[in-house]
Amino acid sequence: MCLFVVVFCSLALTSAVNQTESDVDSWYVAAVYEHNLILNPEPDVPLSRLDALQHMQKNLDIYEEQAARAAQQGAQILVFPEDGLHGFNFSRSSISGYLETIPDPQQESWNPCTEPDKYNNTEVLHQLSCMARRNNLYLVANMADLQPCPLKTDPSSSCPSDGRWQFNTNVVFRSDGLLVARYHKHNLYFEQSFDTPPQPEIITFDTPFAGRFGLMICFDILFHKPTIALVEKGVRQLIFPTAWMNLLPLLDSVQFQQAFSLGANVTLLAANLRKDQYNMRGSGIYTPFSATYHHAQKGDPEEGRLLVARVPVLDPLWVGQSVTTEEGLVRSESTSSTATDSGVCHQESCSDSPPPETASLVPPSSATFISSIDHDPFTFVLLNETEGKVNVCNGTFCCHLQYRRLPQGDSKELYALGAFAGTHTMDGRYALQVCALVRCAGLDASSCGQEVEEAESKMDFLLEGKFGSRYVYPSVLASKMVLEQPEHLETAADGRVTMKHSNMTGGLVTACLYGRMYHLDNE
């Protein structure tokens, strides 16, 4: 687990590089399934192996149906969410009936579907393997792993007191059912039933249709290892099973999924759970050029959702790194409109785009105030005019905004620009630099930073900050959890990040530059 309208956006990607010797297409079809998890109503009560299997079978039956549907739509890889088979809120002892010992595919070759009797108590692995084989697709699922202690790969590590390791684990099966990857979650989020691995695991697997993918789970996405370690190794296609509890205004599921894809310049295949009582919803397939996602609204039927999309191959071993984007369509269930081209620059300058108007000449805005976002004390300044320029600083970190507000009708909405630089310490510890333009929950300044899902006022804006990290994740979230692709993004050599956007399709909820200062996490 971790803290924190079907809308389809697709922009074509073209490559000027020849195909590889195997003549692999530069596109593939990916699927993610947002799962309406069938929970164990008493997770703190230990179950027998038989009873645990009967519970998991209810979720496996749904997986079987969705794998067949994905295959029918041409999916070559399918991702299921974190905790999707067993659930959560177990104790270390009460999860025991759900555990299976998962062999390390780096050490041995095993196809559970064709060799079901090789290991005892591997019924779930057998079913998942056969699911992949039957539907001829790569399949990623999350389950609970039991390993003898100490692990053979790290004999010097200390054991838990009960003499065994229990891990939150991703497993990957090839299209013939072969187990090809196993990843143990490193950054746990209040998971009493699981252990942190002795060492962070950097796990990848290769496919014949898209090259290399990397594995992570939920809370991992906020930390350097394994996520940024994978990116720094050149992995540009990431698998993300999650059980994400939404946390507006900065960490809604689809908001941060898209922001990470844009900021890290990667494809992200994100499969979340759908459990309204825990505010879990929001999954998608994201590239730096497109987003196919689902975020249920309050009051929508609580049900699963399969997403399937055609995705460009980003593995540099398969395609060249020189790409262009073309205009595409944004389609929802009830409306359609044309998307804005998104320009993304990571060089010292972008000759094909106009230089952003600097706000550094604007004097610091007066009448700042402190208000919290997820327990972090942001320094805010209100946007009191229809248009203008404002600056706000939190210590030496400053954010600049040039804006033109387009109120709709008689709506009265309060907006503020906030800045934060420091270490987040609530439910996890990580260093941040954040610029956030937010709609306040009410008309009082004290409501700025509180959760808001809807807005009427559209905004043309240029948001800018000078960051001490190259990992800055941009997002534009419109009313009712609709994502907008930023019109222009630019990262300068001095750390200045600029996001420019206009012609919004809905009212602005949040526009954010979310900087992660990984190198300061341990200070």
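It should be emphasised that the depicted structure is a prediction, and the values quoted were computed from it without experimental measurement.

1. Quick word on the UniProt feature "active site" (unreviewed entry) in the protein chain
The UniProt feature table records "active site" (unreviewed entry) at Glu82, Lys185 and Cys218. Spatial clustering of the annotated residues is evident: they stretch over 137 residues in sequence, but the largest pairwise C-alpha distance comes to 10.2 Å. Assignment of secondary structure puts Glu82 in the loop between strand 4 (77-79) and helix 2 (123-135). A distance of 2.9 Å separates polar atoms of two side chains, one belonging to Glu82 and the other to Lys185. As for its placement among the helices and strands, Cys218 is situated in the loop between strand 9 (211-215) and helix 3 (224-232). You can call Cys218 buried: its relative accessible area is 0%.

2. Regarding the nonpolar core
Counting residues in each nonpolar core, the largest one holds 113 residues, and the members touching the most others are Ile77, Phe256, Phe260, Phe461, Tyr473 and Tyr514. Those residues in contact with Tyr473, other than ones at most four positions away along the chain, are Ile228, Phe256, Ala259, Phe260, Gly263, Ala264, Cys512, Leu513, Tyr514, Arg516 and Tyr518. Within the second largest apolar cluster, 36 residues are counted, among which are Ala31, Tyr33, Leu85 and Val124.

3. Observations regarding the packing of aromatic side chains
With the rule as written, the count across this model stands at 27 aromatic pairs. Ring centres 6.1 Å apart and planes at 80 degrees place the aromatic pair Tyr33 and Phe80 in the edge-to-face group. Pair noted here: Tyr33 is in strand 3 (residues 27-34) and Phe80 is in the loop between strand 4 and helix 2, with a separation of 47 residues, a long-range link. Residue classification places Tyr33 among the buried residues on the basis of a relative accessible area of 5%. What makes Phe80 buried here is its relative accessible area of 0%. Between Phe90 and Tyr98 the ring centres are 4.9 Å apart and the planes differ by 55 degrees, which places this aromatic pair in the tilted class.

4. Comments concerning the packing of helix 1 (residues 49-72) against helix 2
The contact between helix 1 and helix 2 brings their axes to 10 Å, and the two run at 10 degrees. In terms of orientation, helix 1 and helix 2 fall into the roughly parallel class. For the pair helix 1 and helix 2, the contacting residues are Arg49, Leu53, Met56, Gln57, Leu60, Tyr63, Glu64, Ala67, Ala68 and Ala71 in the first and Glu123, Val124, Gln127, Leu128, Met131, Arg134 and Asn135 in the second.

5. Re helix 3
All of the buried residues in helix 3 are Pro226, Thr227, Ile228, Ala229, Leu230 and Val231. If you follow the buried residues of helix 3, they end up packed against strand 7 (179-184), strand 8 (204-207), strand 9, strand 10 (237-241), helix 4 (253-264) and strand 26 (472-478). One or two positions beyond helix 3, positive phi appears at Gly234, with a value near 95 degrees.

6. Description of the environment of Thr491
As for its position among the elements, Thr491 is in strand 28 (residues 488-491). The spatial distance from the C-alpha of Thr491 to the C-alpha of Phe467 is 9.7 Å, given a sequence separation of 24 residues.

7. A closer look at the state of the cysteines
Per the counting criterion, the structure on display carries 5 disulfides. Cys149 shares a disulfide with Cys159; S-S distance 2.1 Å. Its S-S torsion of approximately -120 degrees makes the covalent link between Cys149 and Cys159 left-handed. Residue Cys149 is located in the loop between strand 5 (138-148) and strand 6 (164-173), and its partner Cys159 is located in the loop between strand 5 and strand 6; the two are separated by 10 residues in the primary sequence. Taking relative accessible area as the criterion, Cys159 reaches 37% and is therefore assigned partly exposed. The disulfide partner of Cys440 is Cys448, and the gap between their sulfur atoms is 2.0 Å. Its torsion about the S-S bond being 85 degrees, the disulfide of Cys440 and Cys448 is classed as right-handed. Each of the two residues, Cys440 as well as Cys448, counts as buried.

8. Some points on the sheet that holds strand 19 (residues 369-373)
In spatial order, the strands read 19-20-23-24-30-26-27; together these 7 strands make up an open sheet with antiparallel pairing. Two strands bound the open sheet, and with one partner strand each, they are strand 19 and strand 27 (482-483). Direction of pairing for strand 26 relative to strand 27: antiparallel, over a ladder of 2 bridges. By the bridge assignment for strand 27, Leu477 is matched with Leu483.

9. Considering the sheet that holds strand 3
Spatially, the 6 strands line up as an open sheet ordered 7-6-5-4-3-14, and their pairing is mixed. Only two strands of the sheet have a single partner each, and these edge strands are strand 7 and strand 14 (305-312). Taking the axes of each pair of neighbouring strands and ignoring which way they run, one obtains an average angle of 30 degrees across the sheet. Strand direction decides the pairing type here: strand 6 and strand 7, joined by 5 bridges, are antiparallel. Bridge assignment links Val172 to a residue of strand 7, and that residue is Ala181.

10. Things to note about the pattern of salt bridges
Counting across every chain of the model gives 20 salt bridges. A salt bridge links Arg92 to Asp162; the nearest nitrogen and oxygen atoms lie 2.6 Å apart. You can see Arg92 sitting in the loop between strand 4 and helix 2 and its partner Asp162 sitting in the loop between strand 5 and strand 6, a full 70 residues away along the chain. Glu464 is the partner of Arg496 in a salt bridge, and the nearest nitrogen-oxygen pair spans 3.4 Å.

11. Re the side chain of Thr227
In this fold, Thr227 is placed in helix 3. Dropping the residues within four chain positions of it, Thr227 is found in contact with Met216, Asp220, Ile221, Leu238 and Phe260.

The rules we used
Residues numbered from 1 in each chain as written. Predicted model: local features only at pLDDT ≥ 70, side-chain atom pairs only at ≥ 80, totals over all residues. Heavy atoms only, no water. UniProt positions renumbered as here; feature names shortened; annotations may be inferred. Helix = DSSP H or I, 4+ residues; strand = E, 2+ residues; numbered from the N terminus. Polar contact = N/O pair within 3.5 Å; in protein donor to acceptor, adjacent residues only side chain to side chain. Buried < 20%, exposed > 50% of the residue type's maximum accessible area, 1.4 Å probe, protein only. Core = buried A, V, L, I, M, F, W, Y, C linked by side-chain atoms within 4.5 Å. Contact = heavy atoms within 4.5 Å. Phe/Tyr/Trp six-rings, centres within 6.5 Å; stacked < 30°, edge-to-face > 60°. Axes fitted to C-alpha atoms, helices over the stretch in contact; angles between N-to-C directions. Parallel < 35°, antiparallel > 145°, perpendicular 65-115°, else oblique. Disulfide = S-S within 2.5 Å. Pairing = 2+ DSSP bridges. Salt bridge = Lys/Arg side-chain N within 4 Å of Asp/Glu carboxyl O.

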